[in-house]
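Here's the letter readout for the chains.
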Amino acid sequence: MRHIKASTRLSRRDLWRFGIGIAGAAALGKVVGPRPAWADGPPPTPIRFTPFTRELPMPATHQPVAPFATNCKFTTKAIPRFYVVHMKKGIAEIIPGVETEIWGYNGQYPGPSFHSTFGTPDVVRQINDLDVETSIHLHSGHNPSASDGLPFQDLLIPPGGFRDYCYPNQPVGFSTGEPDPNDNATTGWYHDHATDITGPNVYHGLAGFFLFTDDLEQRLLASNTLPAAPFDVPLVLQDRRFNADGSLFYNPFEHDGFLGDVFAANGKAQPFFRVQRRKYRFRILNGANARMWFLRLSNDTPFLRLGTDGWLLPAAIAQNRIFLGMAERADVVIDFRNAPDTVFLENILVQDSGRGPGGDLQNPDTVVPGTPLVKFIVQGAPVANDATVTVGTLLRPNTPIAANEIVATRQFEFVRSEGAWQVNGLFFDENRVDARVRQGTAERWILKNGGGGWWHPIHLHLEAHQVQRFNGAPPAPQNAFKKDTTLLGPGDEAEVFMRFRDFPTRFVAHCHNIEHEDMRMMFRWDVV
Amino acid sequence: MSRSRRLFLAGAATALACQKGKADPAETAAAFAEAVVAGSRRRFPNPLLTTHYGRRVRLYDDFVRGRFVLLNFAYTRCEGKCPRGLSTLLAMRKLLAPRMGCEPDLVTLTLDPEHDAPEVLGKYVASRGAPAGWTCLTGARSDLEAVRRFLGFTDPDPRVDADRTQHGSLVAMGDDVRGRWQVASAQAGAEPLAQLALRTAGMGVSLSGTAPSACRARGA
Ligand SMILES: [Cu+2]
């Protein structure tokens, strides 16, 4: 692998190939050092490294501890599992050979994964050993307001404090005697959600996987339909930027959306991963603050898409390329049976601004081959008894929300205004309720991009929503069932149906460009 | 002093040494603070500006160093948004006083320096009851623009960026001792802003509580 030198003249295409990107390219050759200010975006990371020299790390697993006294109360008789997590500073090697201070769950980046089972509640004690406030959201979880990890003053964990999060892990609808396991989530993640500072908190490392399983998924594993661990691999993609001393760069005065110029998979810059000639399941998570990914495989074979965001699809579909807005997930199988010895997972999207990538969602600006994010080193002969999942394999049925269930229609327009970010002309105020929905009903929400060329991935808490129309047309097949984050490119408008079951009181919806969220592109809605 | 802050000071000294011969070191030192903002390593602008009393001041040296401070932009000919934003910020200061032991300083930089001479700003402050701890600043447009760009009160669309009515609603709040800064819209409301200010100053999450014996916002 060639080593990048600032003095070497590289084409724009080379820069993508080697993972430097457009923003970095503009500044190559300039003197790097402490700068009073800059006119053309943040300074490029002044550390050079050779990609694909470190193995893809696997996040650790949170281990249950002995039960402790807690205020958590559950309606089920099942015995909960107890966890204790310390949010604290730690040291990570993101760039090979460089030590970087991170803020992590148990001091790790990415955070250790939770492995949770439907029917068994979890009690997670989060202890804040950091010097910033935190609030831990379980993204794709279906949890009471007090345990959702919301940005409300009384729910923040101050430095030195702790909070017990009570996760019932019951199928949606359980409280009314109509549990619907079709709405059971699979690939969740947990991350910080503290008011106004979610951006720096998540960026410094406060994010990890929260994986659920249930009887249906266990049947798919037992029948060898889906690849099981160790061939089931969580894969979080994030971008980071560094100061010369190896510390993470973050500018608190930049609100368009943070973009890094170093691309990390599971917290490691451009790693390699040794795979056998078989099917692997990857839970790909866009864990970036503001960068989107348009993924392809260098050998031009399709991904087998199993799921979107938290949920398995009704049936597996083939996708040549996968677009992931922030917080979106793609549960995929990559089949290495007939792969060459080297395959790259590449990002072909051109994005040099927090506003979003070039083009629009229907026709984004791309460059092929793009930036390689992970190098797969494929070894051995095709294995026997490989997982059987293929295009059309039935996974998790979907229970559609019917039009005749809809009791109200609301529109939410996401717009930049006066240097910050609003919904329907208002900034988030935790004391103002912008929508009151009736528990047990369903509504139609129109999510509308207010323009200006900005991209906004919209995350609705509490339950999955079901996209009915996208710009007036049926949504793409991978987006046609359950979503928790719907990406709005420039000019886009989504019509979604959503139910409100089990848990009353306050929740939020917001843009998941975290800098937009921190500048209050969020609204409170209450279930009454 | 945190480890990162010490590193910054060392870095800044190196930068100054490198710039010798290109610019007067004293002038360069004054134009930017020696300390830097956590995370970005950027040195705070420290231009020579003029208060509404006509006093010559340095932005960083006189208003930011060692303190908790609120910074915003406005202009006296602005109607609607600027007066509303200022009212919110003045109300927010009052909400903070019980916890901080004083109202934190509010520094308002003009977006209209050609019109907003010190005496014009003086009348403006007087028209708002001249609350103590509120200073309006004017100066060279290039210096004021550099501060605006530094604080990110900008828009990537040049047409929107050139429209100064777009920049009158934001407030930057910073604790120079902790190196922590936040920006929010004054339209978010006095109480949410006050809560954010308290957290930025590392003083917890609740506006109710006991007052310190001395003013925490001024480095006491
Ligand atoms: Cu947004």
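1. Some thoughts on the overall build of chain A
The secondary structure content of chain A amounts to 5 helices and 32 strands. The globule rule puts the C-alpha radius of gyration for 528 residues at 24 Å, and the 22 Å found for chain A is close to it. Along the first, second and third principal axes, the C-alpha atoms of chain A reach 65 × 60 × 50 Å. Accessible surface computed for chain A: about 17800 Å², of which carbon and sulfur atoms make up 51%. Positive and negative charge centroids in chain A, built from 51 and 55 side chains respectively, lie 5 Å apart.

2. Some details on the state of the cysteines
Residue and element names in this part refer to chain A. With the rule as written, the count across this model stands at 1 disulfide over all chains. The disulfide partner of Cys72 is Cys166, and the gap between their sulfur atoms is 2.1 Å. Between Cys72 and Cys166, the S-S dihedral sits near -80 degrees, and the bridge is therefore left-handed. Taken together, the residues Cys72 in the loop between helix H2 (21-27) and strand E1 (81-93) and Cys166 in strand E6 (residues 162-167) connect sequence positions 94 residues apart.

3. Regarding the environment of Gln166 of chain B
By the secondary structure assignment, Gln166 of chain B is in the loop between helix H7 (158-161) and strand E8 (170-175). On the basis of relative accessibility, which here comes to 18%, the residue Gln166 of chain B falls in the buried class. C-alpha separation for the pair Gln166 of chain B and Leu59 of chain B, spaced 107 residues apart in sequence, amounts to 23 Å. For Gln166 of chain B, the residues in contact, after removing those within four places along its chain, are Ser417, Glu418 and Gly419 of chain A together with Val160 of chain B.

4. A look at the domain arrangement of chain A
Residue and element names in this part refer to chain A. By domain assignment, chain A separates into domain 1 (229-379) and domain 2 (403-527). Just the C-alpha atoms count here: the centres of domain 1 and domain 2 sit 25 Å apart. Contact with domain 1, which involves 33 residues of that partner, is made by 28 residues of domain 2. Roughly 2400 Å² of surface becomes buried between domain 1 and domain 2 when both sides are summed, with 58% attributable to carbon and sulfur atoms. Looking at the side of domain 1 facing domain 2, the largest losses of area belong to His255, Trp311 and Arg355, adding up to 26% of the total buried there. The tally of links from domain 1 across to domain 2 stands at 4 salt bridges. For the interface between domain 1 and domain 2, the tally reads 18 residue pairs in polar contact (both at pLDDT 80 or more). Looking at the side of domain 1 that touches domain 2, the elements that each hand over two or more residues are strand E15 (303-308), strand E16 (311-319) and strand E20 (359-360).

5. What about the pairing of strand E4 (residues 122-128) of chain A?
All names here are of chain A. In terms of burial, E4 is a largely internal element, 7 of the 7 residues being buried. The alternating pattern of E4 places Asp122, Val124, Gln126 and Asn128 on one face and Val123, Arg125 and Ile127 on the opposite face, and all of these are buried. Of the pairings in the sheet, the one linking E1 to E4 comprises 7 bridges and is parallel in character. Note that in E4 the partner of Val85 across the bridge is Gln126. Here E4 runs beside E6; their pairing, made up of 6 bridges, is antiparallel. Bridge pairing in E6 links Val124 to Tyr165.

6. Considering the side chain of Glu346 of chain A
Note on placement: Glu346 of chain A falls in strand E19 (residues 342-349). Within the local environment of Glu346 of chain A, its side chain forms a polar contact with the side chain of Arg296 of chain A, the two groups lying 2.5 Å apart.

7. With respect to the pairing of strand E31 (residues 505-511) of chain A
On any regular strand, side chains alternate: one points to one face of the sheet, the next to the other face. Residue and element names in this part refer to chain A. Burial analysis of E31 places 6 of its 7 residues in the buried class, the great majority of the element. By the bridge criterion, 3 bridges tie strand E27 (residues 456-460) to E31 in an arrangement that is antiparallel. From the neighbouring strand, His459 faces E31, where its bridge partner is His510.

8. Quick word on the coordination of the copper ion
Residue and element names in this part refer to chain A. All of the protein donors around the copper ion are His456 (ND1), Cys511 (SG) and His516 (ND1); their distances to the metal are 2.0 to 2.1 Å. Written as a sequence motif, the donor arrangement for the copper ion is H-x54-C-x4-H. Of this pair, His456 sits in strand E27 while Cys511 is found in strand E31, placing the two residues 55 residues apart along the sequence. With a relative accessible area of 0%, His456 lands in the buried category. On the basis of relative accessible area, Cys511 is assigned to the buried category, the value being 0%.

9. Considering the nonpolar core
It is characteristic of soluble globular proteins that their nonpolar side chains tend to be buried jointly. Within the largest apolar cluster, 63 residues are counted, with the highest numbers of intra-cluster contacts made by Trp445 and Trp525 of chain A together with Phe44 and Leu151 of chain B. Here Leu151 of chain B is in contact with Phe253 of chain A together with Phe44, Leu71, Phe73, Ala172 and Val183 of chain B, once residues within four sequence places are set aside.

10. Topic: the sheet that holds strand E30 (residues 493-499) of chain A
Residue and element names in this part refer to chain A. Taken in spatial order, the 5 strands line up as E24-E23-E26-E30-E28 in an open sheet, and their pairing is mixed. Two strands bound the open sheet, and with one partner strand each, they are strand E24 (420-423) and strand E28 (465-470). Averaged over all adjacent pairs, the angle separating strand axes in this sheet is 20 degrees, with direction ignored. Where strand E23 (residues 406-417) and strand E26 (residues 442-449) come together, 8 bridges link them in parallel fashion. Considered in E26, the bridge of Gln411 is made with Ile446.

11. A few points about the packing of aromatic side chains
All names here are of chain A. One pass over the structure, following the stated rule, counts 41 aromatic pairs over all chains. Ring geometry for Trp445 and Phe500: centres 5.9 Å apart, planes at 40 degrees, overall tilted. Highlighted residues: Trp445 in strand E26 and Phe500 in the loop between E30 and E31, separated in sequence by 55 residues. Of the two residues, Trp445 and Phe500, neither departs from the other in class, the shared state being buried. Three or more aromatic residues joined by ring pairs make a cluster, and in this case those are Tyr83, Tyr105, Phe114, Phe118, Tyr165, Tyr167, Tyr190, Phe210 and Phe212. Its end group placed over the ring of Tyr165, Arg163 keeps NZ or CZ at 6.0 Å from the ring centre.

Definitions and cut-offs
- Residues numbered from 1 in each chain as written.
- Chains lettered and ligands numbered in written order.
- Predicted model: local features only at pLDDT ≥ 70, side-chain atom pairs only at ≥ 80, totals over all residues.
- Heavy atoms only, no water.
- Helix = DSSP H or I, 4+ residues; strand = E, 2+ residues; numbered from the N terminus.
- Rg over C-alpha atoms; globule rule 2.2 N^0.38 Å.
- Areas by Shrake-Rupley, 256 points an atom, 1.4 Å probe, with all protein chains shown as cover.
- Lys, Arg positive; Asp, Glu negative; His and termini not counted.
- Charge placed at Lys NZ, Arg CZ, Asp CG, Glu CD.
- Disulfide = S-S within 2.5 Å.
- Buried < 20%, exposed > 50% of the residue type's maximum accessible area, 1.4 Å probe, protein only.
- Contact = heavy atoms within 4.5 Å.
- Domains from an automatic or database assignment.
- Buried area = accessible area lost by both parts, 1.4 Å probe.
- Salt bridge = Lys/Arg side-chain N within 4 Å of Asp/Glu carboxyl O.
- Polar contact = N/O pair within 3.5 Å; in protein donor to acceptor, adjacent residues only side chain to side chain.
- Pairing = 2+ DSSP bridges.
- Donors = N, O, S within 2.8 Å, 3.2 Å for Na, K, Ca; no water.
- Core = buried A, V, L, I, M, F, W, Y, C linked by side-chain atoms within 4.5 Å.
- Axes fitted to C-alpha atoms, helices over the stretch in contact; angles between N-to-C directions.
- Phe/Tyr/Trp six-rings, centres within 6.5 Å; stacked < 30°, edge-to-face > 60°.
- Lys NZ or Arg CZ within 6 Å of the ring centre and 35° of its normal.

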